[in-house]
Amino acid sequence: VPLGQGFDDITVLPGLGWVQTNHSTVVGSTSWFQGNSTVFPSQSGAPSSYIAANFNNTTGTNTISNWLLTPPITLQNGANATFWTRTVSAPSFPDRLQVRMSTNGSSSNVGTTATDVGDFTTLLLDINPTYTTSGYPNGWTQFTVIVAGVPSPTLGRLALRYFVENGGPTGTNSDYIGIDSFLF
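These figures come from a predicted structure and were not determined experimentally.

Visitor: Looking at this structure, I do not really get the side chain of Arg-157. What am I missing?
Guide: By the element assignment, Arg-157 lies in strand E11 (residues 154-167). Among buried charged residues, Arg-157 stands out as having no salt bridge; its nearest opposite-charge side chain is Asp-119, 8.6 Å away. In this structure the side chain of Arg-157 is engaged in a polar contact, spanning 3.0 Å, whose partner is the backbone oxygen of Ser-106.

Written out as structure tokens, the structure is:
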């Protein structure tokens, strides 16, 4: 069964099986939040219909590890997920996003610290792991991840993880990202 999410109203996500967990070193004043159309408008739909995260996911200079887990889905080799993401138009502070996979059923175990991954040990995509200001798209860009390493159909989850080391209000990394039009 396909899973599609346009993030028109992120308050409905928990009821649809999505899980949001902020495991930053110190949890800041924000976690995932409704997109702010004054920073940039959505890729599709109403101007604020996307999900966003920013440097306030932690305090000071720390590691941001903010997780957005899909509802449980049937994972199998060759299945794919697409989504759109971007950062601000003129980034001064690099952003980073990972897509990870767990084949452990409906588990939402992402560990307990900012560097833990829990059951989400399979890294499918890492956008801007070297933290350059040009490494994360500054206009809406579509990404596709392909499920691999799953020999037979298995219940699990995908995770979108805003993971930024040396992030936060006084850090050298982390600004603001948006995610829109997720389709599995």
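Let's pick the thread back up.
Visitor: Which parts of the structure should I look at to understand the pattern of salt bridges?
Guide: Oppositely charged side chains may form a pair once their charged atoms are brought near each other. Tallied over the full model, the rule gives two salt bridges. Close ionic contact of Asp-126 with Arg-96 constitutes a salt bridge, the shortest N to O distance being 2.7 Å. Within this pair, whereas Asp-126 is found in strand E9 (residues 122-127), its partner Arg-96 is found in the loop between strand E7 (80-87) and strand E8 (97-102), the two being separated by 30 residues in sequence. For Glu-165, the salt bridge goes to Arg-96, with nearest N and O atoms at 3.2 Å. With Glu-165 in strand E11 and Arg-96 in the loop between E7 and E8, this residue pair connects regions lying 69 residues apart in the sequence. Owing to a relative accessible area of 31%, Glu-165 belongs among the partly exposed residues under this scheme. Classification of Arg-96 as buried rests on a relative accessible area of 8%. By sharing partners, the salt bridges in this structure join Arg-96, Asp-126 and Glu-165 into a single network.

Visitor: Help me understand the nonpolar core, please; the structure alone is not making it clear to me.
Guide: Generally speaking, nonpolar side chains in soluble globular proteins are found buried as a group. Counting 34 residues, the largest nonpolar core has Phe-7, Phe-83, Ile-179, Phe-182 and Phe-184 as the members making the most contacts within it. With four residues, the single largest contributor to this core is E11. Excluding residues within four positions of it along the chain, Phe-184 makes contact with Pro-2, Leu-3, Ile-73, Thr-74, Leu-75, Ala-79, Asn-80, Ala-81, Val-147 and Leu-158.

Visitor: What is the right way to look at the environment of Val-12 in this model?
Guide: Tracing the chain through its elements places Val-12 in the loop between strand E1 (4-5) and strand E2 (19-22). Taking the C-alpha atoms as reference points, Val-12 and Gly-105, separated by 93 residues in sequence, lie 22 Å from one another.

Visitor: What is the right way to look at unusual backbone geometry in this model?
Guide: The bulk of non-glycine residues show a negative phi, and the bulk of peptide bonds are trans. We note that Asn-128 has phi near 70°; this positive angle belongs to a residue other than glycine. Among the secondary structure elements, Asn-128 is positioned in the loop between E9 and strand E10 (141-146). In the Ramachandran plot, Ser-174 falls in the positive-phi region, its phi being about 90° despite a non-glycine side chain.

Rules and cut-offs
- Residues numbered from 1 in each chain as written.
- Predicted model: local features only at pLDDT ≥ 70, side-chain atom pairs only at ≥ 80, totals over all residues.
- Heavy atoms only, no water.
- Helix = DSSP H or I, 4+ residues; strand = E, 2+ residues; numbered from the N terminus.
- Buried < 20%, exposed > 50% of the residue type's maximum accessible area, 1.4 Å probe, protein only.
- Lys, Arg positive; Asp, Glu negative; His and termini not counted.
- Salt bridge = Lys/Arg side-chain N within 4 Å of Asp/Glu carboxyl O.
- Polar contact = N/O pair within 3.5 Å; in protein donor to acceptor, adjacent residues only side chain to side chain.
- Core = buried A, V, L, I, M, F, W, Y, C linked by side-chain atoms within 4.5 Å.
- Contact = heavy atoms within 4.5 Å.

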